[in-house]
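This is what each chain is made of:
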Amino acid sequence: MNFPQELKYTKDHEWVKIDGDVATIGITEFAAGELGDIVYVEVETTGETLDTNEVFGSVEAVKTVSDLFMPLNGEILEVNPDLEDSPELVNESPYEKGWMIKVKITGDLPSDLLSAEEYAELVGK
C-alpha cells in the first residue's frame, strides 16, 4: 500500500499536500480500497471557509456513502473537475489524478496530522 512521504494524513483517511498557503486534499489509497468502486464524488462547498473536521463533501461507492472531513481550516478554492465524469480516478490514482479539493489554508495547521509512518501504523499496513 502506498502512503507518499511528502503528504500528511488524518485519522479519517484524508491526505493533505501543502504547497505554501494552499493544500490539496483527497482520500488515501487505504480509504479508497475500503470503500470499493467509487461512483460519485459530491463537493458543494466551493468558496466556503470551513473549520477542521467539518464535512466538505461525500463519496459514494457501490455499497456506501461516506462523508469527507476537512483536515484543516481553510477556504475551498477548487474542486477537481475530472471527478464529475470520472469518479473512479479516486480509486485508480488517489494521490495524483484523484485529488478532491484545493484549499487556501487559514490559521495554523492542526497538530494531529499524521506522517506517512504514523498513518501506516494506524491502518495496520
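Just so it is clear, the model here is predicted, and its values are computed rather than measured.

**Notes on helix H4 (residues 116–123)**
When we look at burial in H4, the residues that qualify are Ala-116, Tyr-119, Ala-120 and Val-123. All buried residues of H4 fall inside an arc of 100° around its axis, so they share one side. Those residues of H4 that are buried lie in contact with strand S1 (8–9) and helix H1 (29–35). Within two residues after H4, Gly-124 carries a phi angle of roughly 70°, on the positive side.

**Description of the UniProt feature "domain: Lipoyl-binding" (unreviewed entry) in the protein chain**
In the UniProt entry, the feature "domain: Lipoyl-binding" (unreviewed entry) is given for residues 22–104. Between the first and last C-alpha atoms of residues 22–104 the distance is 5 Å; the span itself is 18% helix and 42% strand.

**Considerations on a nonpolar patch on the surface**
Together, Val-39, Tyr-40 and Val-62 make up an exposed nonpolar region whose accessible area comes to about 290 Å². Topologically, Val-62 is positioned in the loop between strand S6 (55–61) and strand S7 (65–69). Taking the relative accessible area as the measure of exposure, Val-62 reaches 62% and is therefore exposed.

**Regarding unusual backbone geometry**
Of note in this structure, His-13 is not a glycine but carries a positive phi near 75°. As for its position among the elements, His-13 is in the loop between S1 and strand S2 (14–19). One non-glycine residue, Asn-53, adopts positive backbone phi at about 75°. One can find Asn-53 in the loop between strand S5 (49–50) and S6.

**Observations concerning the packing of aromatic side chains**
One pass over the full model with this rule turns up 4 aromatic pairs. Centre to centre, the rings of Phe-3 and Tyr-119 are 5.0 Å apart; their planes meet at 85°, and the pair counts as edge-to-face. With Phe-3 in the segment before S1 and Tyr-119 in helix H4, this residue pair connects regions lying 116 residues apart in the sequence. Both residues of the pair, Phe-3 and Tyr-119, belong to the buried class.

The rules behind these values
Residues numbered from 1 in each chain as written. Predicted model: local features only at pLDDT ≥ 70, side-chain atom pairs only at ≥ 80, totals over all residues. Heavy atoms only, no water. Buried < 20%, exposed > 50% of the residue type's maximum accessible area, 1.4 Å probe, protein only. Helix = DSSP H or I, 4+ residues; strand = E, 2+ residues; numbered from the N terminus. Arc of directions from axis to C-beta. Contact = heavy atoms within 4.5 Å. UniProt positions renumbered as here; feature names shortened; annotations may be inferred. Patch = residues over 30% accessible without salt bridge, like charges linked within 9 Å, V, L, I, M, F, W, Y side chains within 5 Å. Areas by Shrake-Rupley, 256 points an atom, 1.4 Å probe, with all protein chains shown as cover. Salt bridge = Lys/Arg side-chain N within 4 Å of Asp/Glu carboxyl O. Phe/Tyr/Trp six-rings, centres within 6.5 Å; stacked < 30°, edge-to-face > 60°.

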